[in-house]
Amino acid sequence: MLQAFDIIGPIMIGPSSSHTAGAVRIGKYARSILGTTPVSALIRFSGSFAKTYKGHGTDKAVIAGILGMETDDERIRTSFDVAEEEGLKFTFEETEIDGAHPNTAEIILKDAAGKEALVQGASIGGGNIIINRINDTVTSISGKSDTLIVPHEDVPGMVAVVSNILAGNGVNIHGFSLCRDHKGGTAVMTIEIDGNIDESISKVILEQPNILAATVLKAI
Amino acid sequence: MCKIAGNEISLLYCFLLNYLENGVLKLKYDSLSVLVKEAEKQNLPLCKLILKDQAEVAETEEKVLFENMKRSFTVMRESVETGLDPHERSASGLTGGDAFKMNEAVKANKNICGKIFGEAMVKALAVSQTNACMGRIVAAPTAGSCGILPAALITISDDRNIPNDDVVMSLFTASAVGMVIANKASIAGAEGGCQAECGAASAMAAAALVELCGGTPKQSEHACAIALKNILGLVCDPVAGLVEIPCIKRNAMGVANAFVAAELALAGIESAIPADEVIYAMKKIGEAMSPTLKETAEGGLAATPTGKKLCEKVFGSCQNCK
Ligand code: SF4
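Residues numbered from 1 in each chain as written. Chains lettered and ligands numbered in written order. Predicted model: local features only at pLDDT ≥ 70, side-chain atom pairs only at ≥ 80, totals over all residues. Heavy atoms only, no water.

This paragraph deals with the overall build of chain A. The number of helices and strands found in chain A is seven helices and 11 strands. Its C-alpha radius of gyration of 18 Å places chain A within 12% of the 17 Å reference for a compact globule of 220 residues. With respect to the three principal axes, the spread of C-alpha positions in chain A is 50 × 40 × 35 Å. Counting across all 220 residues of chain A, residues that qualify as buried make up 56%. Looking at chain A alone, contacts between residues at least 24 apart form 65% of all its contacts between residues at least 6 apart. Accessible area of chain A: about 8700 Å², with a carbon and sulfur share of 49%. (Helix = DSSP H or I, 4+ residues; strand = E, 2+ residues; numbered from the N terminus. Rg over C-alpha atoms; globule rule 2.2 N^0.38 Å. Buried < 20%, exposed > 50% of the residue type's maximum accessible area, 1.4 Å probe, protein only. Contact = heavy atoms within 4.5 Å. Areas by Shrake-Rupley, 256 points an atom, 1.4 Å probe, with all protein chains shown as cover.)

Let us look at a nonpolar patch on the surface. On the surface, a cluster of nonpolar side chains totalling about 200 Å² of accessible area is made up of V260, L264 and I269 of chain B. With relative accessibility at 41%, the residue I269 of chain B sits in the partly exposed group. (Patch = residues over 30% accessible without salt bridge, like charges linked within 9 Å, V, L, I, M, F, W, Y side chains within 5 Å. Salt bridge = Lys/Arg side-chain N within 4 Å of Asp/Glu carboxyl O.)

Moving on, we come to the sheet that holds strand β9 (residues 173-180) of chain A. Residue and element names in this part refer to chain A. Taken in spatial order, the four strands of this open sheet run β9-β10-β8-β11, and their pairing is antiparallel. Two strands bound the open sheet, and with one partner strand each, they are β9 and β11 (215-217). Averaged over all pairs of adjacent strands, the angle between strand axes in this sheet comes to 20°, irrespective of strand direction. Where strand β8 (residues 147-153) lies against β11, three bridges are found, and the strand directions are antiparallel. Across the sheet, the residue bridging to T147 is L217, located in β11. (Pairing = 2+ DSSP bridges. Axes fitted to C-alpha atoms, helices over the stretch in contact; angles between N-to-C directions.)

Now for the packing of helix α10 (residues 194-212) of chain B against helix α11 (residues 217-231) of chain B. Residue and element names in this part refer to chain B. Where α10 contacts α11, the two axes come as close as 8 Å, and the packing angle between them is 155°. When the axis of α10 is compared with that of α11, the two are roughly antiparallel. The chirality of how α10 crosses α11 is right-handed. Taken together, the residues of α11 that come into contact with α10 (itself represented by Q195, C198, G199, A200, S202, A203, A206, A207, V210 and E211) are Q219, S220, A223, C224, A227, L228 and I231. In terms of residue class, the contact of α10 with α11 is built from 11 nonpolar, five polar and one charged. (Parallel < 35°, antiparallel > 145°, perpendicular 65-115°, else oblique. Left-handed = near helix turned anticlockwise from the far one by under 90°. Nonpolar A, V, L, I, M, F, W, Y, C, P; charged D, E, K, R; others polar.)

A separate point is helix α6 (residues 158-168) of chain A. All names here are of chain A. Those residues of α6 that sit buried are M158, V159, A160, V162, S163, I165 and L166. Looking at the buried positions of α6, the neighbouring elements they touch are β8, β9, β10 (186-193) and α7 (199-206). Of the residues one or two after α6, G170 is the one with positive phi, at around 70°.

Contacts between the two partners involve 58 residues from chain B, matched on the other side by 41 residues from chain A. Buried surface at the junction of chain B and chain A, summed over both partners, amounts to about 4100 Å²; 61% is from carbon and sulfur atoms. For the pair chain B and chain A, the number of links is zero salt bridges. At the surface where chain B touches chain A, the tally comes to nine residue pairs in polar contact (both at pLDDT 80 or more). When residues of the side of chain B that touches chain A are traced back to their parent elements, those giving at least two are α3 (46-57), α4 (62-83), α6 (114-132), β1 (136-138), α8 (164-184) and α9 (189-192) of chain B. A per-class count over the side of chain B that touches chain A returns 34 nonpolar, 16 polar and eight charged. (Buried area = accessible area lost by both parts, 1.4 Å probe. Polar contact = N/O pair within 3.5 Å; in protein donor to acceptor, adjacent residues only side chain to side chain.)

All names here are of chain A. Inspection of the secondary structure puts S123 in strand β5 (residues 116-125). Given a relative accessible area of 0%, S123 falls into the buried group. Leave out the neighbours within four places in its chain, and S123 touches S17, S18, G22, I26, F49, H101, N103, N128 and I129.

This part takes up a negative patch on the surface. On the surface, a cluster of negative charge is made up of D81, E84, E85 and E86 of chain A. Mapped onto the secondary structure, D81 of chain A falls in helix α5 (residues 79-85). (Lys, Arg positive; Asp, Glu negative; His and termini not counted. Charge placed at Lys NZ, Arg CZ, Asp CG, Glu CD.)

The next thing to look at is the packing of α6 of chain A against α7 of chain A. Residues and elements named next belong to chain A. α7 packs onto α6 with a crossing angle of 150° between their chain directions and a minimal axis gap of 10 Å. Here α6 lies roughly antiparallel to α7, going by the angle between them. The handedness of the crossing between α6 and α7 is right-handed. Mapping the contact onto sequence places V162, I165 and L166 in α6 and I201, V204 and I205 in α7. Here the residues of the contact of α6 with α7 are counted per class, giving six nonpolar, no polar and no charged.

Residues and elements named next belong to chain A. Tallied over the full model, the rule gives 19 salt bridges over all chains. The salt bridge involving E93 is made with R44; its shortest N-O contact spans 3.5 Å. Taken as a pair, E93 in strand β3 (residues 89-95) and R44 in strand β2 (residues 38-47) lie far apart in primary sequence, 49 residues in all. Judged by its relative accessible area of 23%, R44 is partly exposed.

In this section: the confidence of the model for chain B. Residues and elements named next belong to chain B. When pLDDT is averaged along chain B, the result is 92, and 90% of the positions lie at 70 or above. Counted against residues more than four places away or in other chains, residues 1-9, with its pLDDT under 50, gives 20 contacts. For this predicted complex, the interface confidence score (ipTM) comes to 0.90, while the overall pTM stands at 0.77. (pLDDT = per-residue confidence, 0-100.)

A few words now on the sheet that holds β3 of chain A. Residues and elements named next belong to chain A. Strands sit in the order β3-β2-β4-β5-β6-β7 across an open sheet of six strands; the sheet is mixed. In this open sheet, the two edge strands, each paired with only one partner strand, are β3 and β7 (137-141). Each adjacent strand pair in this sheet contributes to an overall mean axis angle of 20°, direction not counted. With seven bridges joining them, strand β4 (residues 103-111) and β5 adopt antiparallel strand pairing. Across the sheet, the residue bridging to L109 is A117, located in β5.

Moving on, we get to the site of the ligand. All names here are of chain B. Every residue lining the ligand is accounted for by G144, C194, E197, C198, C236, D237, C247 and R250. Looking at the shell around the ligand, the elements with two or more residues in it are α10 and α12 (247-266). If you tally residues by element for the shell around the ligand, the top one is α10, at three residues. Its residues assigned to classes, the shell around the ligand comprises four nonpolar, one polar and three charged. (Near = heavy atom within 4 Å.)

So this is what it looks like as structure tokens:
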């Protein structure tokens, strides 16, 4: 749900909230999904992003986000130089992702050990974003609140197991989605919560049978 | 608040729980008239109603949100100062110095629309220019339209010596208008054209101006409707895809329009079409707009001979002009 500071805000670096602030946040999200320091980045712009990314500085903004900068960091305008200093190589491609929002970017990051992460996100106006895909999982994350991602075996009762642990710890859920590749395969819960979530809760979840991972993504 | 128990997520249950816990339903921001009626019912100005609700939603104290908004307002003021620099040019080199020129005219008493209009235009140009130069601004609701709201509020508060805290409060009123527009239509040029950006900013500013000048919530609603009606259909056609031409000058227009709408509403003039229906019309118009007129820089001013030439000047070639 939209809040006052989604409209009056963010405090940001110009020139365009859809192309600059939103792009920084998608980049930051990709970095947090990777969880380590990226050494290479492939960015594929789709729709309006593909057509105007150069003019709006979207390219500089995404790189700034991948480097972990905030939306009001005055180094955004020189992020390519910062990337060079920090040893991040990057490439841009223009593409057309089927059915995607006009302002969509797909980011593939790699760290020094070869670990990869893919994040697809859309900048939906005013610096707000929606993360539509993380690796093979279709998501719908605003990034405004802490989010718990729980891949698990697709067996009955898993939602109850996880939600009971959260409820028992006084954690309130305000967004929930569940998807799976096929029946009995791997399923992924995406849980957006109010306030902060303690890392120890994800450890408890991970100890449960049939849970494959439990990652807390901090609000961005 | 609703918690998930087992696999059962009952919307109705959440709804009821929410109602029982709070006694009142949280505001939904899907209708301006509902917000105005709620303000009238609780006998509160819109800004207080919104702050109260937003604090509940964010599960925090009103004071915290107020301080955050105050910080935003400080950045707004700073962005006016930065933009008055006569020498600063945008990264593309296409724009710069307009706010300074306008300011000189107003200071010399040479502008034809009087002090308030002059000052408002100076500030809108300045903030917008800061944005084009990759400086720090507050999106309101977007960066392309970031000059309109600060220009309106700073101008009126300087002119009438309105206390800073009151101006900060009026930003909550503006945010409510923006939330309704975002929820029911759009605030992105790529989706709804410039009516969605400069139109929304203008409507937000108009509603806040009315409140700061002693108008009623209902008058804020009318001002919002009038401001938006005046900008319906405005396309997003930035030259070279840059948020500079025509955006910077459209901010000057947007703040002037906000004053027009507020002035009419404060005089008791009503919008024949209610704000909520204007917002719906805006959504429909945005949907009907050709994609070439929604931020892709393929149509409108971007596709004029001069627009294309400027684009080539910036990029060496024009990737968008077919
Ligand atoms: S023309 Fe487009 S980019 Fe410029 S202010 Fe309007 S909506 Fe924003």
